[in-house]
Amino acid sequence: MGRHLLPGFRLSTGYTCAVLGSCVLVPLAALLWTACELGPAGWWAQIGTRRVLASLRLSFGAALLAASIDVLLGLLVAWVLVRYRFAFRRVCDALVDLPFALPTAVAGIALTALYAPNGWLGSRLAPFGIEVAYTRLGVLVAMVFVGLPFVVRTLQPVLEGLESDLEEAAYTLGASPLQRFFRVVLPLLLPTLLAGYTLALARAIGEYGSVVFISGNRLFRTEIAPYLIVQKIDSQYDYRGGAALGTVMLAASLVLLVALAVLQRWTRRWAVLR
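Residues numbered from 1 in each chain as written. Predicted model: local features only at pLDDT ≥ 70, side-chain atom pairs only at ≥ 80, totals over all residues. Heavy atoms only, no water.

1. With respect to the packing of helix 9 (residues 165–172) against helix 10 (residues 177–206)
At their nearest, the axes of helix 9 and helix 10 sit 10 Å apart, and the two run at 160° to each other. The angle between the axes of helix 9 and helix 10 places the two elements in the roughly antiparallel class. Between helix 9 and helix 10 lies a crossing of right-handed hand. Contacts between helix 9 and helix 10 involve Leu-166, Glu-167, Ala-170 and Tyr-171 from the former and Arg-180, Val-184, Val-185 and Leu-188 from the latter. For the contact of helix 9 with helix 10, the class distribution of residues is 6 nonpolar, no polar and 2 charged. (Axes fitted to C-alpha atoms, helices over the stretch in contact; angles between N-to-C directions. Helix = DSSP H or I, 4+ residues; strand = E, 2+ residues; numbered from the N terminus. Parallel < 35°, antiparallel > 145°, perpendicular 65-115°, else oblique. Left-handed = near helix turned anticlockwise from the far one by under 90°. Contact = heavy atoms within 4.5 Å. Nonpolar A, V, L, I, M, F, W, Y, C, P; charged D, E, K, R; others polar.)

Right under this line is the structure:
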């Protein structure tokens, strides 16, 4: 009789499946069931309005852009924290986790107070004609804020474990610092960068608390899809309408995440073959 490496394999597997089903699969099934009660015509009547389409464009467009910015900033921050030693490095490293520790509503209030026209940064940007709070730029700033730690924390252990042999070999062959980074280091980091991008994207798409305050929820301009879902449920008691909008976000998120997972797997295989 074969023995599993881990004791209690069947019990732990059953417990895992039960938790996964009750916490993930059952709520998703309830969401789809509630949306299906509308029928195709009713579902499209909820989704096809100008207001809903504008909120979906803002949510996914800003999330894609914010995740891209997070990859660039996260790579820079992780590189500095791993490769350099400077004063207050530990403090800077701890501050990366600030969006994790702050409740999202508190983060939204803090960003609004900071970037409002009379805020510390907002008042200094106003003379240049730059408005952040209550604009789409504010939505982007909030999404970048909450997604940055995912990229940094994903990259840090990989950078710490990256061997310097390849960089030293490239240096002895006369490669410049930029050539060593783009032709030696970056290909090794691509799968990890895509993983961080996926995490930041997933967080930005579903973000509500930190965005809803700084966005101002202006009709057709700064309303995000999660805000419309909350409004449908809390103010209108339209659970089916909220579920219909939720299914769109769920389907689009799954497509994006699966596409990024496939791309990540391809880049990992390409890096190995290279």
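2. Topic: the side chain of Arg-180
Relative to the assigned elements, Arg-180 resides in helix 10. The exposure class assigned to Arg-180 is buried, which follows from its relative accessible area of 17%. (Buried < 20%, exposed > 50% of the residue type's maximum accessible area, 1.4 Å probe, protein only.)

3. Some thoughts on the pattern of salt bridges
Within the structure shown, the criterion is met by 5 salt bridges. A salt bridge links Glu-37 to Arg-240; its shortest N-O distance comes to 3.1 Å. Here the residue Glu-37 occupies a position in the loop between helix 1 (9–36) and helix 2 (39–47), and Arg-240 occupies one in helix 13 (residues 239–273), the gap between them amounting to 203 residues. With a relative accessible area of 40%, Glu-37 lands in the partly exposed category. Among the salt bridges present, the one from Arg-153 reaches Asp-97, with a minimum N-O distance of 2.9 Å. Of this pair, Arg-153 sits in helix 8 (residues 136–160) while Asp-97 is found in the loop between helix 4 (89–95) and helix 5 (98–101), placing the two residues 56 residues apart along the sequence. The exposure class of Asp-97 is partly exposed, given its relative accessible area of 29%. (Salt bridge = Lys/Arg side-chain N within 4 Å of Asp/Glu carboxyl O.)

4. Regarding the packing of aromatic side chains
One pass over the full model with this rule turns up 3 aromatic pairs. Taken together, a centroid distance of 5.5 Å and an interplanar angle of 85° make the contact between Trp-79 and Phe-181 edge-to-face. Of this pair, Trp-79 sits in helix 3 (residues 50–83) while Phe-181 sits in helix 10; the two residues are 102 residues apart in sequence, bridging distant segments of the chain. The same class applies to Trp-79 as to Phe-181, namely buried. Centroid distance Phe-100 to Phe-150: 5.1 Å. Interplanar angle 85°. Geometry classified as edge-to-face. (Phe/Tyr/Trp six-rings, centres within 6.5 Å; stacked < 30°, edge-to-face > 60°.)

5. Some words on the layout of surface pockets
Considering only enclosed or pocket space, the largest pocket measures out at about 330 Å³ in volume. Lining the largest pocket are 13 residues, with Leu-95, Val-96, Pro-99, Phe-145 and Leu-148 sitting closest to its centre. Elements that contribute at least two residues to the lining of the largest pocket include exactly helix 3, helix 5 and helix 8. Here the element with the most residues in the lining of the largest pocket is helix 8; it accounts for 6 residues. Residue composition of the lining of the largest pocket, by class: 13 nonpolar, no polar and no charged. Its boundaries defined by the atoms lining it, the second largest pocket holds a volume of some 170 Å³. (1 Å grid on protein atoms, 1.4 Å probe; cavity = no way out; pocket = protein on both sides within 12 Å on 5 of 7 lines; lining within 4 Å. Points joined across faces, edges and corners; volume = space filled by probe spheres on them.)

6. A closer look at the environment of Tyr-84
Relative to the elements of secondary structure, Tyr-84 occurs in the loop between helix 3 and helix 4. When sequence neighbours within four positions are dropped, the list of residues in contact with Tyr-84 reads Trp-79 and Arg-89.

7. Some remarks on the UniProt feature "transmembrane region" (unreviewed entry) in the protein chain
In the numbering adopted here, UniProt assigns the feature "transmembrane region" (unreviewed entry) to residues 12–33, 60–82, 94–114, 134–152, 184–205 and 243–263. Spanning residues 134–152, this segment combines 89% helix with 0% strand, and its end C-alpha atoms are found 28 Å apart. (UniProt positions renumbered as here; feature names shortened; annotations may be inferred.)

8. Some thoughts on the nonpolar core
One finds Leu-56 and Met-143 to be the most contacted residues of the largest nonpolar core, which totals 53 residues. In terms of residues, this core owes the most to one element, helix 3, which gives 14 residues. Contacts of Met-143, omitting those with residues within four sequence positions, involve Ser-59, Ala-62, Ala-63, Ala-66, Asp-70, Ala-204 and Val-211. (Core = buried A, V, L, I, M, F, W, Y, C linked by side-chain atoms within 4.5 Å.)

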